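Residue-level structure breakdown
Single-letter residue listing:
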Amino acid sequence: MAILIKGATLISGKKADVLIEGNSIAKIAPSITDNSAEKIDASRKLLIPGLINTHTHAAMSLFKGVAEDMQLADWLAAVRKVETKLTAKQARVGTLLAAAEMLKGGTTCFNDMYFHMDEIASAVQESGIRATLGYGMVDMGNEKKRKSELAVGEKFVKDWHGKEQGRIHCSIAPHSIYLCSKELLVAANELSQKYSVPYHIHLSETRKEVFDCLETNKKRPAYYLDSLGVLSNRTVAAHCVWLTKEEVRLLASHKVSVSLNPVSNMKLSGGSTAPMPEMQEFGMNVSLGTDGSASNNSLSMFETMKTLGLLQKNARWDATVAKEGAIFDAATVGGAKALEIYAGVIKEGALADLALLDLHSPNIVPAHSLVSNLVYSAHAGNVTDVIVDGKLVVENRTLLTMDEQKIVEQAQKEAEKLVG
Ligand SMILES: [Zn+2]
C-alpha cells in the first residue's frame, strides 16, 4: 500500500508531501492527494533520509559492557572469549536487538561483517531493516582455512544477495591485512568482482597494524593493498585512522569509500584521528560507522555524527573542518554511495528509506539550522517513525516488525549465558 507523508518539514526548511509507492519515493510536492494511500501526519515533524551505518558487527550488541577500560590486547582477549562461545541462535538474537536499536534511532541500513551470517541475514529479514552483509574471512596464513573461508563467503553471497526484493545485499569481507594472507585478500577481491559486491575490510585502525605491515611487507597498509590490486570503487575501508596524506591520495584515486568510526577509535584509544579534511580534499567518499557494540556500546548514528565533528575539530585545532553538512552527508548519501544503493536522499525515484523526527522536542528547538540540530543536538529518542524499503517499520516510536519486549528479554537471557 502506498504511503503519503503529509506536511513534513524537509532539511531545506520547506514543507512538502511525499508519496511512497512500492519501495521508492514516487512524488514530492507541496500538496499531494491520494485517497488510497496510508497517511502519516508529519506537520510537526522533520523528514530526513534514513541514516546509514557503514561499519558494524550487529550481533556484538550482546557484548555491551563486557570489556571496559581495557588496553587493546586485553580488550581483544575479553571479546574473543565471549565470541568463541557465541552460538548461531545468539548471533540472531544479538542482531535482532541491534536492528531494534538501529531502527528506533533512525538508522535504516547497516553494513555488517561477522560470522553465523545465515542467522544474521534471517534476523535482518525479520526486522525489516536494510543491510549489506558479509562473512568476515580470516585465514591467518593457513591454506586449508583460506579455501574454506572463501567457500563460506561465496556461498553466503549466492544464498542471500538480492533477497527480500533487494533489501538484503551481500559483500565479500576479508577481515583485515593482519588476519588475512595476501592470497586471501586477492582471492576475496576476485569474488567481489565476480558478484559486483562491496569489498569490506578493516584498514589502518591501529599504529601496530601499520608498523607490522611496514616490517613484513615494507609498505604501509594502503600501499600494500594497492600492490595486491584489490583497491577499487567496491572497497569499503573501515577506520582509516593511521593514514598518511599520500595514502589518502592513493585510496581516493582508486575511488575507495571510507567508513569513519570515531567513537570506537576513541574508546579503544587508537591515539590518532582519521584525516577527514584530506579525504574530502582528494574527493574520497566519506561514510560513517559505529563499529560493534563491544567498542562503542551504542549503535546511534546521531552520537557518531556529533563525535566525528568534535574529534575532527579538536584534533586539527581548527573549528572550520568537518562542517555540519559534510557530516550529515557522510551519515546518509555517503553511506549509500559506499554500499551502491540509491538512498540517503529524498528524491523522486530514490529508495523510500526515511525517518521522521519530532520537531517539537526541547533538545532540537529552535530551528536556526536543522542540519546542526541533527548533527549536534538530536538523539535517537527524537525519532518517531521510520520507513524502510517503502514499509512503515517504526510508528510513534513503536516497532511494527518485531516484538520489542520479547527481543529485549531474549537478549538479556542469552547475554547472561554468554558471560556467565
Ligand atoms: Zn569492525
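Computed from a predicted model, the values in this text were never measured in an experiment.

The subject of this paragraph is the domain arrangement of the protein chain. What the domain assignment reports for the protein chain is domain 1 (3–49 + 343–399) and domain 2 (51–338). On a C-alpha basis, the centroid separation for the pair domain 1 and domain 2 is 28 Å. Contact residues are listed per partner, giving 29 residues for domain 1 and 27 residues for domain 2. Carbon and sulfur atoms supply 68% of the area that domain 1 and domain 2 bury against each other, a total of about 2200 Å² over both sides. Of all residues in domain 1, the largest losses of buried area upon contact with domain 2 belong to V375, Y376 and L399, amounting jointly to 27% of the total for that side. In this structure, the connection of domain 1 to domain 2 is made through two salt bridges. A salt bridge links D353 to R130; its shortest N-O distance comes to 2.6 Å. Looking at the side of domain 1 that touches domain 2, the elements that each hand over two or more residues are strand 5 (45–49), strand 14 (354–358), helix 14 (370–377), strand 15 (383–388) and strand 16 (391–395). Here the side of domain 1 that touches domain 2 takes five residues from helix 14, the largest share from any one element. By residue class, the composition of the side of domain 1 that touches domain 2 is 22 nonpolar, four polar and three charged.

Attention shifts here to helix 3 (residues 117–127). Those residues of helix 3 that fall on the buried side of the exposure criterion are M117, I120, A121, A123, V124 and S127. On an axial view of helix 3, the arc spanned by its buried residues comes to 155°, and they lie on one face. Buried positions along helix 3 lie against helix 2 (88–104), strand 7 (107–114), strand 8 (130–137), helix 4 (143–160) and strand 9 (168–174). One or two residues past the end of helix 3 sits G128, with phi positive at roughly 90°.

Attention now moves to the coordination of the zinc ion. Taken together, the protein donors to the zinc ion comprise H55 (NE2), H57 (NE2), H202 (NE2) and D291 (OD), at separations of 2.1 to 2.4 Å. Donor residues binding the zinc ion come from one chain and are separated in sequence as H-x1-H-x144-H-x88-D. Judged by relative accessible area, which is 8%, H57 ranks as buried.

This brings us to the packing of aromatic side chains. On inspection of all chains with the given rule, the structure shows one aromatic pair. Here Y114 and F115 contribute two aromatic rings whose centre-to-centre distance is 4.5 Å and whose plane-to-plane angle is 25°, an arrangement assigned as stacked. Take F115: its relative accessible area is 23%, and that puts it in the partly exposed class. Lying across the ring of W160, K163 places its NZ or CZ 5.7 Å from the centre.

Reading guide: rules and limits
Residues numbered from 1 in each chain as written. Predicted model: local features only at pLDDT ≥ 70, side-chain atom pairs only at ≥ 80, totals over all residues. Heavy atoms only, no water. Domains from an automatic or database assignment. Contact = heavy atoms within 4.5 Å. Buried area = accessible area lost by both parts, 1.4 Å probe. Salt bridge = Lys/Arg side-chain N within 4 Å of Asp/Glu carboxyl O. Helix = DSSP H or I, 4+ residues; strand = E, 2+ residues; numbered from the N terminus. Nonpolar A, V, L, I, M, F, W, Y, C, P; charged D, E, K, R; others polar. Buried < 20%, exposed > 50% of the residue type's maximum accessible area, 1.4 Å probe, protein only. Arc of directions from axis to C-beta. Donors = N, O, S within 2.8 Å, 3.2 Å for Na, K, Ca; no water. Phe/Tyr/Trp six-rings, centres within 6.5 Å; stacked < 30°, edge-to-face > 60°. Lys NZ or Arg CZ within 6 Å of the ring centre and 35° of its normal.

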